[in-house]
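Survey of secondary and tertiary structure
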Amino acid sequence: MSTEAHRQVHGRAHRDGRGRDPTFYPVEKKMGEDSLQTWIVELLRPLIERWYQELGRPRFVGADQFIYYQQFDPSKVVAPDVYVLPGVPPGRRVRSWKVWETGIAPSFALEVVSSDEPYKDYVDAPERYRELGVRELVIFDPDWERSRDRVRWQRYRRLKTRGFVRVETTNVDRIYARVLGCWLRVIGAGDAARVRLATGSEGEALFPTAAEAERAAKEAERAAKEAALERVAALEAQLASVASAKDKGPGAP
């Protein structure tokens, strides 16, 4: 539908006095997705959700839902690979998100560059996220080495004086996401490449997955039990030695 047609629909919706929105907003894609892109998202989305929970600031972290940012115009839409909705609690069911209904736009979004249409994420995505009003956009290209024109990481920020601009590009394995307050770091290479969260001044410490955190907790519990048993055994040996000395009495050979 053309922009003029949308204006006419908009006008009719207001003139009819019912305030209804007759626009159809799709809620799912009708296209396939690169399996590498899927694996990256499946690991990263719950990591970001856990990260906010650890910070004591739980919020909704979604993946691949349509986010509409202009009423009556369904062409004004993005479908971030991963995104964060500030002020929205985790666990909420979101089929699609309409910014005008809540006034809430994603604070952070990440796009994994498509293997089929790489330049869509280089050219089209930044402009759409600018219109959306996102505070920070990170674009990760797992196939950046295929062309000299491509780059592993791009980071866009909304600045007070310059608007929504690209503030960083790099081919190193990590980049700092200011909105998240941690690093995004590539682990593995080629088809095994994944994106993890990392902390520390240089992103040297990986933030654990739920499974890793559970294993670490069990290991710590086991180590604590073993240390306690060792302390008890040492104390028992010490008491036995004292008791033996007393039994022998003074002057005993």
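You'll find the structure just up there.
The paragraphs below set out a description of the structure included in this document. Because the structure is a prediction, the values reported are computed rather than measured.

Concerning the packing of aromatic side chains
Tallied over the entire structure, the rule returns nine aromatic pairs. Measuring from centroid to centroid gives 6.0 Å for Phe 60 and Tyr 83, while their planes differ by 45°, and the two rings are tilted. One end of the pair, Phe 60, is in strand 1 (residues 60-62); the other, Tyr 83, is in strand 4 (residues 82-85), and 23 residues separate them in sequence. As far as burial versus exposure is concerned, Phe 60 and Tyr 83 are alike and both buried. With a centroid separation of 4.8 Å and an interplanar angle of 40°, the aromatic rings of Phe 140 and Trp 153 are classed as tilted. Of this pair, Phe 140 sits in strand 7 (residues 136-140) while Trp 153 is found in strand 8 (residues 153-159), placing the two residues 13 residues apart along the sequence. Among the aromatic residues, those joined into a ring-pair cluster are Tyr 25, Phe 66, Tyr 68 and Trp 100.

Some thoughts on helix 4 (residues 118-132)
Under the 1.5 Å per step criterion, the end-to-end length of helix 4 is 21 Å for 15 residues, consistent within 8% with the ideal 21 Å. Considering bend angle alone, the principal kink of helix 4 is centred on Asp 124 and spans about 40°; proline Pro 126 follows within four residues of it. The set of residues buried in helix 4 consists of Pro 118, Asp 121, Tyr 122, Ala 125, Pro 126, Tyr 129 and Leu 132. In the stretch just after helix 4, Gly 133 is the one whose phi turns positive, near 100°.

Considering the sheet that holds strand 3 (residues 77-78)
If you trace the three strands from one edge of the open sheet to the other, you get 3-2-5, paired in mixed fashion. Two strands in the sheet have a free side with no partner beyond their single neighbour: strand 3 and strand 5 (96-98). The sheet contact formed by strand 2 (residues 66-68) and strand 3 spans two bridges and is antiparallel. Residue pairing in the sheet places Ile 67 in a bridge with Val 78 of strand 3.

Here's the deal with unusual backbone geometry
Positioned with a positive phi, Asp 64 is a non-glycine residue whose angle comes to about 70°. Position of Asp 64 relative to the elements: it lies in the loop between strand 1 and strand 2. The phi torsion at Phe 72 lies on the positive side, around 75°, for a residue other than glycine. Mapped onto the secondary structure, Phe 72 falls in the loop between strand 2 and strand 3.

Here's the deal with the sheet that holds strand 6 (residues 108-112)
Spatially, the six strands line up as an open sheet ordered 1-4-6-7-8-9, and their pairing is mixed. Edge positions in the sheet fall to strand 1 and strand 9 (163-170), since each of these pairs with one other strand and no more. Within this sheet the neighbouring strands show an average axis-to-axis angle of 15°, counted without direction. Sheet topology places strand 6 next to strand 7; five bridges connect them, and they run parallel. Its bridge partner lying in strand 7, Glu 111 is registered against Ile 139. Across the face of the sheet, helix 4 comes into contact with strand 6, strand 7, strand 8 and strand 9 while running at roughly 20° to strand 8.

Here's the deal with the pattern of salt bridges
Inspection of the entire model under this criterion finds eleven salt bridges. In this structure, Glu 212 and Arg 196 form a salt bridge, with 2.7 Å as the shortest nitrogen-oxygen distance. Taken together, the residues span a long stretch of sequence, with Glu 212 in helix 5 (residues 210-248) and Arg 196 in strand 12 (residues 194-199) at a distance of 16 residues. Assessed through its relative accessible area of 9%, Arg 196 is described here as buried. Three or more residues joined by partner-sharing salt bridges are found here, namely Glu 136, Arg 155 and Glu 168.

The rules behind each value
Residues numbered from 1 in each chain as written. Predicted model: local features only at pLDDT ≥ 70, side-chain atom pairs only at ≥ 80, totals over all residues. Heavy atoms only, no water. Phe/Tyr/Trp six-rings, centres within 6.5 Å; stacked < 30°, edge-to-face > 60°. Helix = DSSP H or I, 4+ residues; strand = E, 2+ residues; numbered from the N terminus. Buried < 20%, exposed > 50% of the residue type's maximum accessible area, 1.4 Å probe, protein only. Expected span 1.5 Å × (residues − 1). Bend = angle between axes of the 7 residues up to and from the residue. Pairing = 2+ DSSP bridges. Axes fitted to C-alpha atoms, helices over the stretch in contact; angles between N-to-C directions. Contact = heavy atoms within 4.5 Å. Salt bridge = Lys/Arg side-chain N within 4 Å of Asp/Glu carboxyl O.

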